[in-house]
Amino acid sequence: MIKRECGCIREYLKTAISNCHLPSYIYGYPSKRAYRKFETPIDLKEVWGKQKGNLNLYIHIPFCNYKCTYCTLLSAKINDESLIKAYNQALIREIKEYGKIAGHMTVDSIYLGGGTPTILSKPQLKELFDAVTDNFPNIAQDAEIAIEGSPETLDLDKVRFLKEIGVNRVSMGIQTLNKEELKKTGRQHSIEESIQAINNIKQVGFKNFNLDLIYGLENQTKETWLESLQKTIEFKPNSMNLYPVVIRPLAGIQKAKEQNSDKFITDDSKYELYDISCEYMYQNGYHQETFVSFTKLKEDSYKQQVSDFQGNPLIGIGASARSYTNTLHYSTDYVVTKRSTLNIISDYCQKGFENLISHGFELDMDEQKRRSAILNLIISRLNAHEYKKKFDSDIWEEFGQELKAMEEEGCIETNKQSGQISLTQKGFKYSSILGSIFYSEKVKELEKNYTDK
Ligand SMILES: C[S@@+](CC[C@H](N)C(=O)[O-])C[C@H]1O[C@@H](n2cnc3c(N)ncnc32)[C@H](O)[C@@H]1O
């Protein structure tokens with residue numbers, strides 16, 4: 001492990017903060033850009049056969065009714081019913097195969113993400129959930145069963161059905177309650193539909209329902225953002241994600257920004273909106289869980305993320321989904337960007353289950369420790385005693401300089417007795433910068449040298 005001086009880390013931290021650098025928030029470590037082809041493919045059965053304990057299941061549904069201009073996720077506007085059917089069958093095949101090798105584990109969470117999973121019909125959703133429960137019989141009593149959706153796919157009947165089949169968390173993208181801004185995002189539903197869908201979710205009585213909003217959209221101002229936020233809060237969602245828009249190459253919004261950069265706010269202003277929004281959320285009884293998420297719930301509002309970040313394995317089902325154990329991260333479809341989403345989905349439907357893992361990233365002990373430090377820190381759950389229990393080593397010896405620099409900059413607070421290392425308000429704000437301090441040289445190099453083929 002390369003040791004760095006506290007002073008030099010502090011300098012880096014100070015510069016990144018004063019430059020108002022807003023990196024993309026961290027979803028995992030390492031990112032997919034660090035994955036490479038293995039010299040010798042790894043046997044999937046062996047990997048999962050020896051896993052014990054708790055498991056998270058993520059199921060990817062890549063279909064949407066429209067492609068949002070900011071979206072670079074693996075999703076597409078597809079209304080080819082036969083393809084959707086074939087994809088659902090391929091998912092069920094994959095669930096069955098994984099059930100044979102990991103069905104002994106206890107399922108902590110099931111998350112249907114996308115895309116727009118609620119685009120699936122009721123029988124398709126039922127078939128999918130039945131496949132999970134048939135092949136993974138040990139589902140924890142308090143398991144999170146979550147689904148993502150968009151307003152035009154969440155009519156009252158669909159929402160009622162979700163509750164009936166056991167879904168206990170619904171997360172819906174609202175993005176903005178301003179008509180002009182919504183139009184610019186390419187979304188093809190109205191504000192009225194957003195409001196109707198929120199009311200449907202409330203009427204059916206989901207204790208855990210989450211709404212997503214985005215700031216930094218085209219034409220958005222401080223005033224229009226606050227208006228959207230205030231109106232959304234009036235519906236009293238118990239959790240909310242407030243995302244600063246991430247503009248990546250190949251996204252439609254990137255072109256709009258190139259042509260009309262004056263219609264978009266700077267990173268500087270995004271931080272300003274972040275500050276105002278946090279204040280507003282606290283005043284309205286929400287507490288902060290991550291840089292983007294706020295909740296009124298006493299328990300975690302997004303259990304799968306917490307469980308994954310704390311090191312429980314995750315099986316990703318579906319086109320290009322990622323899977324993680326403590327020592328191995330991999331993905332079934334590695335090089336995705338230059339191929340059309342449609343091709344990737346069709347290939348997934350035809351290819352059948354792969355028993356060998358050919359692409360991914362193997363985590364040695366040093367990388368496991370870094371992952372644990374990064375991900376626990378950004379959810380404000382880093383704990384020196386837990387770290388000691390897990391790795392039989394002292395986090396203050398291994399990352400003391402990094403932690404000291406963060407503490408001196410007022411980003412973390414530490415409690416020697418409980419072992420807790422918590423983010424301060426400033427720490428939440430700069431949590432992606434803090435996380436990046438723990439990245440290994442190897443991962444930085446791999447991510448930097450990643451090229452789409
Ligand atoms: C996987 S998406 C699912 C969205 C859902 N299908 C919908 O239409 O509302 C989850 C959330 O990620 C956020 N998101 C996606 N791309 C983003 C980007 N480029 N910048 C900021 N937030 C983004 C959006 O708020 C979105 O609701």
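Keep in mind it's a predicted model, so treat the numbers as computed, not measured.

### A word on the overall build of the protein
Thought 1: Per the secondary structure count, the protein includes 19 helices and 18 strands.
Thought 2: For 453 residues, the compact-globule estimate of 2.2 N^0.38 gives 22 Å, and the protein sits close to it at 22 Å.
Thought 3: Its C-alpha atoms give the protein principal-axis dimensions of roughly 60 × 55 × 45 Å.
Thought 4: Within the protein, the proportion of its 453 residues that are buried is 42%.
Thought 5: The long-range fraction of contacts in the protein, counting pairs at least 24 apart against all pairs at least 6 apart in sequence, stands at 79%.

### Observations concerning the packing of helix α8 (residues 222-233) against helix α10 (residues 267-283)
The relative placement of two packed helices comes down to the angle between their axes together with the axis-to-axis distance.
Thought 1: Where α8 contacts α10, the axes come no closer than 11 Å and their chain directions differ by 30°. When the axes of α8 and α10 are compared, the pair comes out roughly parallel. Where α8 crosses over α10, the two elements pack in a sense that is right-handed. The residues of α10 that touch α8, namely those facing Lys 222, Trp 225, Leu 226 and Leu 229, are Leu 273, Ile 276, Ser 277 and Tyr 280.
Thought 2: Class assignment for the residues of the contact of α8 with α10 results in six nonpolar, one polar and one charged.

### Let's talk about the environment of Val 306
Thought 1: Counting through the fold element by element, Val 306 comes out in helix α11 (residues 303-309).
Thought 2: In this structure the C-alpha to C-alpha distance between Val 306 and Phe 63, which are 243 residues apart in sequence, comes to 26 Å.
Thought 3: In contact with Val 306, other than residues within four places in its own chain, are Asp 300 and Ile 379.

### Quick word on the environment of Lys 183
Thought 1: By secondary structure assignment, the location of Lys 183 is in helix α6 (residues 179-184).
Thought 2: Separated by 64 residues in sequence, Lys 183 and Ile 119 place their C-alpha atoms 20 Å apart.

### Some thoughts on the site of the ligand
Thought 1: As a matter of local geometry, the ligand sits amid 17 residues, with Thr 116, Ser 150, Gly 173, Asp 212 and Tyr 243 nearest to it.
Thought 2: Of all the secondary structure elements, the ones that give two or more residues to the shell around the ligand are β5 (106-114), β7 (169-175) and β8 (208-215).
Thought 3: In terms of residue class, the shell around the ligand is made up of eight nonpolar, seven polar and two charged.

### Some words on helix α3 (residues 81-102)
Thought 1: The end-to-end C-alpha distance of α3, which contains 22 residues, comes to 31 Å, matching closely the 32 Å that a straight helix rising 1.5 Å per residue would cover.
Thought 2: Of the positions making up α3, those classed as buried are Ile 84, Tyr 87, Asn 88, Ala 90, Leu 91, Glu 94, Ile 95, Tyr 98 and Ala 102. One face of α3 carries all of its buried residues, which in axial projection span an arc of 160°.
Thought 3: Looking at the packing, one finds that the buried side of α3 touches α2 (44-49), β2 (54-61), β3 (63-64), α4 (122-135), β12 (314-317) and α12 (341-351).

Thresholds, definitions, all that
Residues numbered from 1 in each chain as written. Predicted model: local features only at pLDDT ≥ 70, side-chain atom pairs only at ≥ 80, totals over all residues. Helix = DSSP H or I, 4+ residues; strand = E, 2+ residues; numbered from the N terminus. Rg over C-alpha atoms; globule rule 2.2 N^0.38 Å. Buried ≥ 20, exposed ≤ 12 C-beta atoms within 10 Å, placed from the backbone. Contact = placed C-beta atoms within 7 Å. Axes fitted to C-alpha atoms, helices over the stretch in contact; angles between N-to-C directions. Parallel < 35°, antiparallel > 145°, perpendicular 65-115°, else oblique. Left-handed = near helix turned anticlockwise from the far one by under 90°. Nonpolar A, V, L, I, M, F, W, Y, C, P; charged D, E, K, R; others polar. Near = placed C-beta within 6 Å. Expected span 1.5 Å × (residues − 1). Arc of directions from axis to C-beta.

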